[in-house]
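# A look at the structure
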Number of protein chains: 2
Amino acid sequence: MTEPSPRRRGRPSRTSADALPGARERILAAARTQFAERGYDKTSVRGIAKEAGVDPALVHHYFGTKDEVFASAIEVSFEPATAVREVLGGPREAIGERLARFFLSVWENPATRAPLLAVVRSALTHEAAAKVLRGFVLRRLLERIAADLDVPDPELRAELAASHMIGIAILRYVIRVEPLASADPEEIVAQVAPTLQRYLTGT
Amino acid sequence: MTEPSPRRRGRPSRTSADALPGARERILAAARTQFAERGYDKTSVRGIAKEAGVDPALVHHYFGTKDEVFASAIEVSFEPATAVREVLGGPREAIGERLARFFLSVWENPATRAPLLAVVRSALTHEAAAKVLRGFVLRRLLERIAADLDVPDPELRAELAASHMIGIAILRYVIRVEPLASADPEEIVAQVAPTLQRYLTGT
């Protein structure tokens, strides 16, 4: 790790980027806010840079294109590493319950709910955002979880579990259909856990 | 049924409306097209009337406000009466399989998929459309199906079944995440039917 990192063509050097402490975090926070409040279409790298108080070139340096900024904003919201660890860690016979509880806890928290809503809304109305979410969901979540499952068609089963969680989020938090919208989270966990358990372990 | 129907204040008389054969169907077709192509926000009663070749007053006469036109367009797309009959009819031990197969058949058909996509997208991005879908889903589908179920919390269980179907539609037809996007419909039915069966009959 002591070798100098190669300079990337057309981007500022590491030295100039590292000279702005906290810039990366400020850019991500600004991206989350802008995608959530303005939607995918109306959000621009320039607008994100302005809100973060940095030059647009620095946004490109850290994240690349608008799509890549969006992907990074999704990643911060979903925290796939945490999700995978929470779901796959612990006894296998309670994997359905852990998935349901982790997913609901992320959506019940207003701080994480807002960016997730933005991601879902953007992906449902803009193909570019859908493509980012597609690649992200597939590569970062489903493949990792499926690789750890001992069932036939593990990726399809992991995705069916994910589809149930996404549908619950949409009816409960977006459309807000009763009685699901007001149901106690633990009641939802109790109902849904056996379904997820069957998909993920086949029992 | 031989009594004259009461005249509604501020609306054309039945006689003038009935003078346009097929107008109601043309308005509904125009509404489906406009909501699907232009989205909820940009669709207007005036635009629907223009495409249907009728006076905007006739749209109001048949359907009322834009929200009510939207609700009628949803109803035509979802065909709740057909859905309820398909799901509740037949042996109770195969209700999960019937629900999964009916739902997928509606989405697999491009003619019904387009307006459904428009409804889902509109409801996820516009509160007015969400409110219409909320009332519609709750009153026309969940309450009817729940009333026929012999389980505790029948409405919550019917809604959890619906949430799974909606999540599958979003991942398969909107975001198009593999392997679900290309999976054989019958494989999805086989995987999902036991889940729906458990929600709807508790076994």
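The structure reproduced in this document is the subject of the present report. (Residues numbered from 1 in each chain as written. Chains lettered and ligands numbered in written order. Predicted model: local features only at pLDDT ≥ 70, side-chain atom pairs only at ≥ 80, totals over all residues. Heavy atoms only, no water.)

### Points about the relation of the copies chain A and chain B
Keep this limit in mind: Copies overlap after least-squares fitting; the atoms used are the C-alpha atoms of residues with pLDDT of at least 70 in both. Two residues qualify as a contact provided that any one of their heavy atoms is within 4.5 Å of a heavy atom in the partner residue.
Between the two copies, chain A and chain B, the superposition gives an RMSD of 0.0 Å; the rotation angle is 180 degrees and the shift along the axis is 0.0 Å. Such a combination of turn and shift is consistent with a two-fold rotation axis. Looking at the interface residues of chain A, 100% of them are also at the interface in chain B, so both copies use one shared face.

### Comments concerning the environment of Val87(B)
Residues and elements named next belong to chain B. Here is the rule we go by: Numbering of helices and strands runs from the N terminus, with a helix taken as a DSSP run of H or I at least four residues long and a strand as a DSSP run of E at least two residues long. Residue exposure (1.4 Å probe, protein chains only): buried if accessible area is under 20% of the type maximum, exposed if over 50%, otherwise partly exposed.
Of note, Val 87 is situated in helix H6 (residues 80–88). With a relative accessible area of 2%, Val 87 lands in the buried category. Separated by 15 residues in sequence, Val 87 and Phe 102 have C-alpha atoms that sit 7.6 Å apart. In contact with Val 87, other than residues within four places in its own chain, are Ile 95, Arg 98, Leu 99 and Ile 145.

### Comments concerning the packing of aromatic side chains
All names here are of chain A. Operational definition: By convention, a stacked pair of Phe, Tyr or Trp rings (six-membered ring in the case of Trp) has centres within 6.5 Å and planes under 30 degrees apart, an edge-to-face pair has planes over 60 apart, and any other such pair is tilted. The rule is short: NZ of Lys or CZ of Arg within 6 Å of the ring centre and within 35 degrees of the ring normal puts a charge over the ring.
Inspection of the entire model under this criterion finds 12 aromatic pairs over all chains. Measuring from centroid to centroid gives 6.1 Å for Tyr 62 and Phe 63, while their planes differ by 55 degrees, and the two rings are tilted. For Phe 63, a relative accessible area of 7% gives the class buried. An aromatic cluster of at least three residues, connected via ring pairs, comprises Phe 35, Tyr 40 and Phe 70. We note Lys 66 situated over the ring of Tyr 40; from NZ or CZ to the ring centre the distance is 4.6 Å.

### Some details on the side chain of Thr195(A)
Assignment of secondary structure puts Thr195(A) in helix H11 (residues 185–201). Classification of Thr195(A) by relative accessible area gives buried; the value is 1%. Each residue touching Thr195(A), except ones within four places of it in the same chain, is listed here: His164(A), Thr195(B), Arg198(B) and Tyr199(B).

### Here we look at the pattern of salt bridges
As a reminder of what qualifies: One speaks of a salt bridge when a side-chain nitrogen belonging to Lys or Arg is within 4 Å of a carboxyl oxygen belonging to Asp or Glu.
The tally for this structure, following the rule as stated, stands at eight salt bridges over all chains. The salt bridge partner of Asp148(A) is Arg92(A), with a shortest N-O separation of 2.8 Å. In this pair, Asp148(A) sits in the loop between helix H9 (127–147) and helix H10 (154–174) while Arg92(A) sits in the loop between helix H6 (80–88) and helix H7 (95–108), placing the two residues 56 residues apart along the sequence. In this structure Asp148(A) comes out as partly exposed when scored by relative accessible area, which is 37%. Taking the relative accessible area as the measure of exposure, Arg92(A) reaches 29% and is therefore partly exposed. In this structure, the salt-bridge partner of Arg101(B) is Glu97(B), at a minimum N-O distance of 2.9 Å.

### Looking at the layout of surface pockets
Heads up, the condition is: Every definition here rests on a 1 Å grid over the protein atoms only: cavities are sets of points where a 1.4 Å probe fits but cannot get out, pockets are open sets enclosed by protein on both sides within 12 Å along at least five of seven lines, and lining residues have some atom within 4 Å of a point. Grid points are joined across faces, edges and corners, and a volume is the space filled by probe spheres set on the points. The residue classification treats Ala, Val, Leu, Ile, Met, Phe, Trp, Tyr, Cys and Pro as nonpolar and Asp, Glu, Lys and Arg as charged. All others, Gly included, are polar.
In this model, the largest pocket occupies a volume close to 680 Å³. When residues of the lining of the largest pocket are traced back to their parent elements, those giving at least two are helix H2 (23–42) and helix H8 (110–125) of chain A together with helix H2 (23–42) and helix H8 (110–125) of chain B. Considering each element in turn, the lining of the largest pocket owes the most residues, eight residues, to H2(A). Considered class by class, the residues forming the lining of the largest pocket number 10 nonpolar, eight polar and nine charged.

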